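# Close look at the chain arrangement
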Amino acid sequence: MIRFFGYILTSLGSKVLVALSGLGLTAFVVFHTLGNLQVFQGPEALNAYAAFLREMPMALWTARLGLLGIVAVHVGLGYRLAVQNRRARPVGYAVHEYRRASWASRTMALTGSLLVLFIVFHLLHLTAGWVDPSFSDRLDPRGNRDVFAKVVHAFQNPLFVMIYLVGQVVLGLHLSHALSSSLQTLGMEHPMLDRLFRGVGPLVALLVVVGNVAVVLAVAFGVVHA
Ligand code: HEM
């Protein structure tokens, strides 16, 4: 056990845990995007999906706490690594020469922090209903929580549309670099597969962002309506 914690405290141990927790969070985001896309199938599908999750409170709360734990590990160790990297190079480069590092890779700490802010806002908005309580307690004709009406109401407001679109840009930037670099940290590097692994992050990020942006814009432009 002591050895395990000793390993975590090494830079490599932290990197491996940040990579593993990042892959877990990516799986959640992909699953969540597929759930969001049910908006295109109408209120019954989206509300039944939300009700299905809530019908299993034990599983839901285990998943929520698990997710929270993974976020805590990812953010805590990710922040520590960023600080260590900065300390290892106390004097900034005189000339910033970033030949291989992409813009997304250089801004991981910034996009990660903005993403945390977005997720906190999102939970207070759509899950807790603190930001805008309207439609939070409404039930559909089947007695399920009317998540569909809540989502439609949200994206009829240009301010929420802007916030969610900016959130998706930040998510896309973070995810596009994170996924490829996690696979590399976990040793999945192979000269022949190198291009594939480099491409996986941007591709998954693009699909997630396009899926979520489609939901927001479909409501904003009245393609999906109550
Ligand atoms: C346009 C994009 C998004 C839409 C339309 C959306 C929609 C929703 C909705 C409607 C809920 C509430 C479900 C319910 O109350 O039953 C929810 C919950 C949640 N969302 Fe999102 N979401 C989006 C993006 C994201 C992103 C990018 C993340 C994380 C990176 C995220 C993380 C969460 C989490 C953690 C929950 C709470 C799940 C729970 O415990 O019930 N969402 N989302």
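Residues numbered from 1 in each chain as written. Predicted model: local features only at pLDDT ≥ 70, side-chain atom pairs only at ≥ 80, totals over all residues. Heavy atoms only, no water.

### So, the overall build of the chain
- Counting its secondary structure elements, the chain contains nine helices and zero strands.
- Within the chain, contacts between residues separated by at least 24 positions form 71% of all contacts whose residues are at least 6 apart in sequence.
- If you sum the accessible surface of the chain, you get close to 14300 Å²; carbon and sulfur atoms cover 71% of it. (Helix = DSSP H or I, 4+ residues; strand = E, 2+ residues; numbered from the N terminus. Contact = heavy atoms within 4.5 Å. Areas by Shrake-Rupley, 256 points an atom, 1.4 Å probe, with all protein chains shown as cover.)

### Some details on the environment of V166
- Its location among the elements puts V166 in helix α8 (residues 158-185).
- According to the relative accessible area criterion, V166 is partly exposed, its value standing at 47%.
- Through-space distance from the C-alpha of V166 to that of L114 is 9.8 Å; in sequence the pair is 52 residues apart. (Buried < 20%, exposed > 50% of the residue type's maximum accessible area, 1.4 Å probe, protein only.)

### Details of the coordination of the iron atom of the ligand
- Ligation of the iron atom of the ligand by protein atoms is provided by H32 (NE2) and H122 (NE2), these donors lying 1.9 to 2.0 Å from the ion.
- Residue H122 is classed as buried on the basis of its relative accessible area of 16%. (Donors = N, O, S within 2.8 Å, 3.2 Å for Na, K, Ca; no water.)

### Examining the site of the ligand
- Taken together, 23 residues lie around the ligand, and H32, R54, R64, H122 and R145 are the ones closest in.
- A distance of 3.2 Å separates an oxygen atom of the ligand from a polar atom in the side chain of R145.
- For the shell around the ligand, the elements supplying multiple residues, two or more each, are α2 (11-36), α3 (43-54), α4 (57-88), α6 (108-127), α7 (147-154), α8 and α9 (194-220).
- The dominant element in the shell around the ligand, judged by the number of residues it contributes, is α6, at six residues. (Near = heavy atom within 4 Å. Polar contact = N/O pair within 3.5 Å; in protein donor to acceptor, adjacent residues only side chain to side chain.)

### Focus: α3
- In this model, α3 (12 residues) spans 16 Å end to end at C-alpha, consistent with the 16 Å of a helix rising 1.5 Å per residue.
- Buried within α3 are the following residues: L46, N47, Y49, A50 and A51.
- At its buried positions, α3 is contacted by α2 and α7. (Expected span 1.5 Å × (residues − 1).)

### Examining a nonpolar patch on the surface
- Taken together, the side chains of V30, L34, L37 and F40 define a hydrophobic patch exposed on the protein surface, amounting to about 330 Å² of accessible area.
- On the secondary structure map, V30 appears in helix α2. (Patch = residues over 30% accessible without salt bridge, like charges linked within 9 Å, V, L, I, M, F, W, Y side chains within 5 Å. Salt bridge = Lys/Arg side-chain N within 4 Å of Asp/Glu carboxyl O.)

### Topic: the packing of aromatic side chains
- A complete count under the given rule lists five aromatic pairs for this structure.
- One aromatic cluster is present, formed by F118, F121, F155, F160 and Y164 through successive ring pairs.
- In this structure, R64 is placed above the aromatic ring of W61, and the distance from its NZ or CZ to the ring centre is 4.5 Å. (Phe/Tyr/Trp six-rings, centres within 6.5 Å; stacked < 30°, edge-to-face > 60°. Lys NZ or Arg CZ within 6 Å of the ring centre and 35° of its normal.)

### Re unusual backbone geometry
- Phi angles above zero are rare outside glycine, and F135 is one such case at about 70°.
- As for its placement among the helices and strands, F135 is situated in the loop between α6 and α7.

### Describing the confidence of the model for the chain
- Averaged over every residue, the pLDDT of the chain is 87; residues scoring 70 or more account for 88%.
- For the chain, helix α1 (residues 2-9) is the element with the lowest average pLDDT, namely 65, and α7 is the one with the highest, namely 96.
- Note on residues 94-99: pLDDT under 50 across the span, and one contact to partners over four residues away in sequence or across chains. (pLDDT = per-residue confidence, 0-100.)

### Section: α8
- Taking 1.5 Å per residue as the helical rise, α8 with its 28 residues ought to reach 40 Å, and the 40 Å between its terminal C-alpha atoms agrees with that figure.
- The distance from a side-chain oxygen at the start of α8 to the backbone nitrogen of L159 is 2.9 Å, and the residue carrying that oxygen is N157.
- Once α8 finishes, G187 follows within two positions and takes phi at roughly 85°, a positive value.

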